[in-house]
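A look at the structure
Each chain, written out:
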Amino acid sequence: MNTTYNALIVPAHLTQPVRIETVDTVMAALQKLVAGNIESITSRDWHVYLNDEGNRLPQNARAEVLIREAGVYLDDTLNGTAVFLGNGSRGDESDAPGHLIRLAEQLFDVPLAA
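The paragraphs below set out a description of the structure included in this document. As the structure is a computational prediction, the values presented were derived from the model and not from experiment.

What follows covers the overall build of the protein. The number of helices and strands found in the protein is three helices and six strands. Each helix and strand of the protein, placed in order from N terminus to C terminus, yields the pattern β-β-α-β-β-α-β-β-α. Computed over C-alpha atoms, the radius of gyration of the protein comes to 13 Å, within 12% of the 13 Å expected from 2.2 N^0.38 for 114 residues, which places it in the range of a compact globule. Taken over the C-alpha atoms alone, the protein extends approximately 35 × 30 × 25 Å along its principal axes. For the protein, the residues scored as buried account for 42% of the 114 residues in total. The contacts of the protein with a sequence gap of at least 6 include a subset with a gap of at least 24, amounting to 50%.

Turning our attention to a negative patch on the surface. Together, Glu39, Asp52, Asp75 and Asp76 give the surface a local cluster of negative charge. With respect to the helices and strands, the residue aspartate 76 is situated in the loop between helix H2 (61-69) and strand S5 (82-87).

This next bit is on the side chain of glutamate 64. Here glutamate 64 lies in helix H2. Look at glutamate 64 and you get buried, because its relative accessible area is 6%. Engagement of the side chain of glutamate 64 in a polar contact is seen with the backbone nitrogen of leucine 78, the distance being 2.9 Å.

What follows covers the pattern of salt bridges. By the definition in use, this model includes four salt bridges. For glutamate 21, the salt bridge goes to arginine 19, with nearest N and O atoms at 2.8 Å. Arginine 19 gets classed as partly exposed once you look at its relative accessible area, which sits at 29%. Between arginine 90 and aspartate 92 there is a salt bridge, with its nearest N and O atoms 3.6 Å apart. Residue arginine 90 is classed as exposed on the basis of its relative accessible area of 75%.

Strand S1 (residues 4-10) sits mainly inside the fold: five of its seven residues count as buried. The pairing of S1 with S5 spans three bridges and is classified as antiparallel. From the neighbouring strand, valine 10 faces S5, where its bridge partner is alanine 82.

To continue, consider the environment of glycine 98. Here glycine 98 is to be found in helix H3 (residues 98-108). Residue classification places glycine 98 among the partly exposed residues on the basis of a relative accessible area of 33%. Along the primary structure glycine 98 and glycine 86 are separated by 12 residues, whereas in three dimensions their C-alpha atoms are 9.4 Å apart.

Glancing now at the packing of aromatic side chains. Per the counting criterion, the structure on display carries one aromatic pair. Ring centres 5.6 Å apart and planes at 55 degrees place the aromatic pair tryptophan 46 and phenylalanine 84 in the tilted group. Highlighted residues: tryptophan 46 in strand S4 (residues 46-51) and phenylalanine 84 in strand S5, separated in sequence by 38 residues. You'll find tryptophan 46 and phenylalanine 84 in the same group, each marked buried.

Cut-offs used in this document
Residues numbered from 1 in each chain as written. Predicted model: local features only at pLDDT ≥ 70, side-chain atom pairs only at ≥ 80, totals over all residues. Heavy atoms only, no water. Helix = DSSP H or I, 4+ residues; strand = E, 2+ residues; numbered from the N terminus. Rg over C-alpha atoms; globule rule 2.2 N^0.38 Å. Buried < 20%, exposed > 50% of the residue type's maximum accessible area, 1.4 Å probe, protein only. Contact = heavy atoms within 4.5 Å. Patch = residues over 30% accessible without salt bridge, like charges linked within 9 Å, V, L, I, M, F, W, Y side chains within 5 Å. Areas by Shrake-Rupley, 256 points an atom, 1.4 Å probe, with all protein chains shown as cover. Salt bridge = Lys/Arg side-chain N within 4 Å of Asp/Glu carboxyl O. Lys, Arg positive; Asp, Glu negative; His and termini not counted. Charge placed at Lys NZ, Arg CZ, Asp CG, Glu CD. Polar contact = N/O pair within 3.5 Å; in protein donor to acceptor, adjacent residues only side chain to side chain. Pairing = 2+ DSSP bridges. Phe/Tyr/Trp six-rings, centres within 6.5 Å; stacked < 30°, edge-to-face > 60°.

These results come straight from atomic positions and should not be treated as a statement about function.
In structure tokens, the structure reads:
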């Protein structure tokens, strides 16, 4: 079973670039990326992993904008690094969807093609 996929990584710090990165999706690796325990927000064909204690981390305005522009209503602010992946068949992970990557490219004026 494959555990590595291309993720869209959106750091909270504006000095760190939004990027596509091949990530291992085992729990320990995801927890390392988000710097703690994980929570997720799910849309139709993608989901995003965040630190579940994000209130102690810097706000992630770019991830908030991306999620809202992708059509998901948010009640709260998002904090810390956001790791976007696709929803595969049977509940598996998959690569971050192309439409989400293209939206991030437009919003943040950065080429991300993997």
